[in-house]
Number of protein chains: 2
Amino acid sequence: MLPFTFYSPTYFAFGEDTENQAGALVRRFGGARVLLHYGKGSAVKSGLIDRVKRSLSEAGVTFVELGGVAPNPRSGLVYEGIELGRREKVDFLLAVGGGSVIDSAKAIAAGIPYDGDFWDFYKGKPVKEALPVGTVLTIPAAGSEGSPNTVITREETLEKRGMGSDLLRPAFSILNPALTQTLPAYQTACGAADIMTHVFERYFTNTEECEITDRMCEAVLSTIVYEMPRVMANPNHYEARANIMWAGMLAHNNLCGVGREQDWASHDIEHELSAQYDVAHGAGLAVIVPAWMKYVYRHDIARFAQLAVRVFGVNMDFQNQERTALEGVARLQGFWRSLGLPANLRELGARAEDIPMMARRVNFKGREKIGGFVPLAVEDIEKIYQLAW
Amino acid sequence: MLPFTFYSPTYFAFGEDTENQAGALVRRFGGARVLLHYGKGSAVKSGLIDRVKRSLSEAGVTFVELGGVAPNPRSGLVYEGIELGRREKVDFLLAVGGGSVIDSAKAIAAGIPYDGDFWDFYKGKPVKEALPVGTVLTIPAAGSEGSPNTVITREETLEKRGMGSDLLRPAFSILNPALTQTLPAYQTACGAADIMTHVFERYFTNTEECEITDRMCEAVLSTIVYEMPRVMANPNHYEARANIMWAGMLAHNNLCGVGREQDWASHDIEHELSAQYDVAHGAGLAVIVPAWMKYVYRHDIARFAQLAVRVFGVNMDFQNQERTALEGVARLQGFWRSLGLPANLRELGARAEDIPMMARRVNFKGREKIGGFVPLAVEDIEKIYQLAW
């Protein structure tokens, strides 16, 4: 186990009707004048935004609104939010929505007190100050409700970049599983792939002797494997939705990643798919992760066998561990397929001739290779795209 | 899953030599004048206190010292600490030691700004204000380094009472597994029993549909079952010590308990043993918990079978689930026995004639029964003591 720090100061309010605590929680965490940030419609149509506004008003919190956040949130709206927030002298960001809305709110929160272009933070400059952010989560997937991270796409260049700062850990996050009961099946499945991949990126490590974090990872994965079929059979299954929602937070607040090197190549490889074909992040991951696994599993067959046995209930083949390892990958593919997720690039509508170009466009962040588990160069990534074909 | 809130804002610094960050962390969390609180010798003898003092001085933090905390910390030293802290105008409590030292520091931290007897808080008055507390942990067991709880024994009456407040969650906790390498085998084993019981008290619940917290519980338990034999074989095993130390925190910051009713009868039943015979808390638990399990398992055989299969690797007997459930209890007993822990009241030096009196003395906190899983009256507790004989 490597030395680490762990800091997750977010206050979580979990359960039905918890959105009605939004006003009191803004107060508790020092807010009086809120920028209320949300997406393109469903939170408004469902009446959620109205309930949140009522809660704010009842707590004596004033607010201005900025809706319209799209999936893969853009810099344009962030600049707009920063300007609005400064003009209206807001002291708190409240995001109502999924990861895109929360990520956009984090960017605005860092940008308002900063005397410069907020994009500097996404180019690597550390955040020194930020307004507090609260969230009302509607989609379990990105984990932004408990993480220090935010990903924004720059409008002009379509560069998609992430950054993180402990100052951007939400002050509070409101998680009402009932709000997720209306999520369409496909979006729910994409969220599950995203949650599981947040764990895989941490699980596949070269750091030895991390039994406790291995077990935490397996706890989250096993929960998703158990609960997702129940949600697919009955979208209104509150209990299954609740377990998935909490697991989604645990998958990405780094509880599953402390004390170990992490990988994150699959995220980088998937990003190019999303950029090129505008596919949902989770759908892209469902295609890339199994291909990545098939390309790298020989690097640590025992670890892949452990996943197969502990999470997918594969019987250990003691004479042939490799068979066990590959059976685990096959079970994962079958599981994602059963959720209605795509299994290969063709199903995503990709073009074979784009593969070399996409491999070259992967963001290497100035390094020669990406990935902490098995470092991958451009030619490796090309082979992974081909395995995903 | 029940509605819940979860709030664990403690900053954890984990790894070798992290005690040298004590001064900087006190500064980061607003301290300038520290009351340095510790126990009866080993932290001094080992040179740890000197390293912490050096770190404080280097960070420009001044301090006054109060050593001498004993296991089952007493009110007398708390009063002394409150007086000293007020006189010296300290603004931060730094506890260096195990759960007893941390619990004593929490009591002092709540008592200094309070215009009244600190014992009021242990009688149920909510804490409204407290100085921040930091910890340098030396014993993985009580989980106080990440919990809001503190237990103090009142000197005059030998009443042992606990209380909790989010204001008493440590601001930071320093966890250096190397500091635990010198713990004697018996104390290490008692700590393991304490850690596992913190999980059992949450695992045995009547709340249905908590897959994610069940899995978290099983993650912590499985880790202890895996790591403890390695520590018993080699007390200097840093990696095993590290996994146990982090698991000990996770067992009790309530990550394993959110969204579910909890039990806590075994703790109440054990307290009388500690009070009567001055046995280590963990040793008492090793005797009480299996007896409690044998008394209550019929209430939910499937849950006990789940523990047996998932944590102790018992093969499920589908024709006879009860056999599986009981085999799990037997495995737990065998495991604790293998660590050198006592298996019954006789080994603890108890007297059979004390049993009725102890059962009557259990703290019912004004209720007729204790325990959230199976409520227990005095006569039930007497039977559990008899099963433990």
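Residues numbered from 1 in each chain as written. Chains lettered and ligands numbered in written order. Predicted model: local features only at pLDDT ≥ 70, side-chain atom pairs only at ≥ 80, totals over all residues. Heavy atoms only, no water.

A few points about the packing of helix α10 (residues 265-277) of chain A against helix α15 (residues 378-387) of chain A
Packed helices, taken two at a time, are described by the angle between their axes plus the distance between the axes. Residues and elements named next belong to chain A. Note the following rule: Between the N-to-C directions of two axes lies an angle of 0 to 180 degrees, each axis being a line fitted to C-alpha atoms and, for a helix, fitted only over the stretch in contact. By definition, any uninterrupted DSSP run of H or I lasting at least four residues is a helix, any uninterrupted run of E lasting at least two residues is a strand, and each is numbered from the N terminus. Helix crossings fall into two classes, left-handed where the near helix is turned counterclockwise from the far one by less than a right angle and right-handed where it is turned clockwise. Two residues qualify as a contact provided that any one of their heavy atoms is within 4.5 Å of a heavy atom in the partner residue. Residues are sorted three ways: Asp, Glu, Lys and Arg are charged, Ala, Val, Leu, Ile, Met, Phe, Trp, Tyr, Cys and Pro are nonpolar, and all the rest, Gly among them, are polar.
Two numbers describe how α10 lies on α15: the axes approach to 11 Å, and their chain directions differ by 65 degrees. Crossing geometry of α10 relative to α15 is assigned as right-handed. Seen from α10, the contacting residues are Ile 269, Glu 272 and Leu 273; seen from α15, they are Ile 381, Ile 384 and Tyr 385. Split into classes, the residues belonging to the contact of α10 with α15 amount to 5 nonpolar, no polar and 1 charged.

So, the side chain of Asn 176 of chain A
Residues and elements named next belong to chain A. How we decide: Think of it in three bands: residues with accessible area under 20% of the maximum for their type are buried, residues over 50% are exposed, and the middle band is partly exposed, with areas taken using a 1.4 Å probe on protein chains only. Identification of polar contacts relies on pairs of N or O atoms within 3.5 Å, with a donor-acceptor requirement for protein atoms, meaning one able to donate a hydrogen and the other able to accept it, and with residues adjacent in sequence counted only if both atoms are side-chain atoms.
The topology assignment puts Asn 176 in the loop between β8 (172-175) and α7 (185-203). The class for Asn 176 is buried, based on a relative accessible area of 2%. A distance of 2.9 Å separates the side chain of Asn 176 from the backbone nitrogen of Ala 178, its partner in a polar contact. If near-sequence neighbours (up to four positions away) are discounted, Asn 176 is found in contact with Gly 15, Glu 16, Asp 17, Thr 18, Glu 19, Tyr 238 and Met 245.

Some remarks on the relation of the copies chain A and chain B
The condition is simple: Copy-to-copy superposition: least squares on the C-alpha atoms, limited to residues that have pLDDT of at least 70 in both copies.
You can overlay chain A on chain B at an RMSD of 0.0 Å; the transform is a turn of 180 degrees with a shift of 0.0 Å along its axis. Expressed as an axis order, the relation between the two copies is that of a two-fold axis. Residue Pro 9 of chain A, judged by its C-alpha, is the member of chain A lying nearest the rotation axis, at 1.8 Å. Both copies share a contact surface, since 100% of the interface residues of chain A are interface residues in chain B too.

What about helix α11 (residues 281-296) of chain A?
In plain terms, the rule: An expected span of 1.5 Å times one less than the residue number is assigned to each helix.
Under the 1.5 Å per step criterion, the end-to-end length of α11 of chain A is 21 Å for 16 residues, consistent within 8% with the ideal 22 Å. Most of α11 of chain A is tucked away, with 14 of its 16 residues classed as buried.

Some words on the sheet that holds strand β1 (residues 4-14) of chain B
Here is the rule we go by: Pairing between two strands is assigned when DSSP locates at least 2 bridges connecting them.
The sheet built from 12 strands is open, its strands ordered β3(A)-β2(A)-β4(A)-β5(A)-β8(A)-β1(A)-β1(B)-β8(B)-β5(B)-β4(B)-β2(B)-β3(B) with mixed pairing. Lying at the two open borders of the sheet, with one neighbouring strand each, are β3 (62-66) of chain A together with β3 (62-66) of chain B. When strand polarity is set aside, the average angle formed by the axes of neighbouring strands in this sheet is 25 degrees. Note: strand β2 (residues 33-38) of chain B against β3 of chain B, 5 bridges, orientation parallel. Counted as the bridge partner of Leu 35 of chain B is Val 64 of chain B from β3 of chain B. Taken strand by strand, helix α9 (residues 238-250) of chain A contacts β1 (4-14), β5 (133-137) and β8 of chain A together with β1 of chain B, and its axis lies near 150 degrees from that of β1 of chain A. Along the sheet face, helix α9 (residues 238-250) of chain B touches β1 of chain A together with β1, β5 (133-137) and β8 (172-175) of chain B and points at about 150 degrees away from the line of β1 of chain B.

Let's talk about the nonpolar core
What counts is decided by this rule: What we call a nonpolar core is a set of buried Ala, Val, Leu, Ile, Met, Phe, Trp, Tyr and Cys residues that are connected through their side-chain atoms within 4.5 Å.
Ranked by internal contacts, the top residues of the largest apolar core, which has 231 residues, are Trp 246, Trp 336 and Tyr 385 of chain A together with Trp 246, Trp 336 and Tyr 385 of chain B. Dropping the residues within four chain positions of it, Trp 336 of chain B is found in contact with Ala 193, Met 196, Thr 197, Phe 200, Leu 285, Ala 286, Val 289, Pro 290 and Leu 341 of chain B.

Considering the confidence of the model for chain A
To be explicit about the condition: Confidence scores here are pLDDT values: one per residue, from the predictor, ranging 0 to 100.
Chain-level statistics for chain A give a pLDDT mean of 97 and a share of 100% at 70 or above. For this predicted complex, the interface score ipTM comes out at 0.97, while the overall pTM is 0.97.

What about the interface of chain A and chain B?
Rules: By buried area we mean how much accessible surface two parts lose on assembly, using a 1.4 Å probe and totalling the loss over both. Salt bridges are defined by distance alone: a side-chain nitrogen of Lys or Arg within 4 Å of a carboxyl oxygen of Asp or Glu.
Each side of the interface is counted separately: chain A has 41 residues, and chain B has 41 residues. Summed over both partners, the interface of chain A with chain B comes to about 3500 Å²; 63% of that surface belongs to carbon and sulfur atoms. Where chain A touches chain B, the interface holds 2 salt bridges. In this assembly, chain A and chain B are joined by 14 residue pairs in polar contact (both at pLDDT 80 or more). Those elements that provide at least two residues to the side of chain A that touches chain B are β1, α8 (211-233) and α9 of chain A. In terms of residue class, the side of chain A that touches chain B is built from 24 nonpolar, 8 polar and 9 charged. The sheet contact formed by β1 of chain A and β1 of chain B spans 9 bridges and is antiparallel. What sits directly across from Tyr 11 of chain A, in β1 of chain B, is Tyr 7 of chain B.

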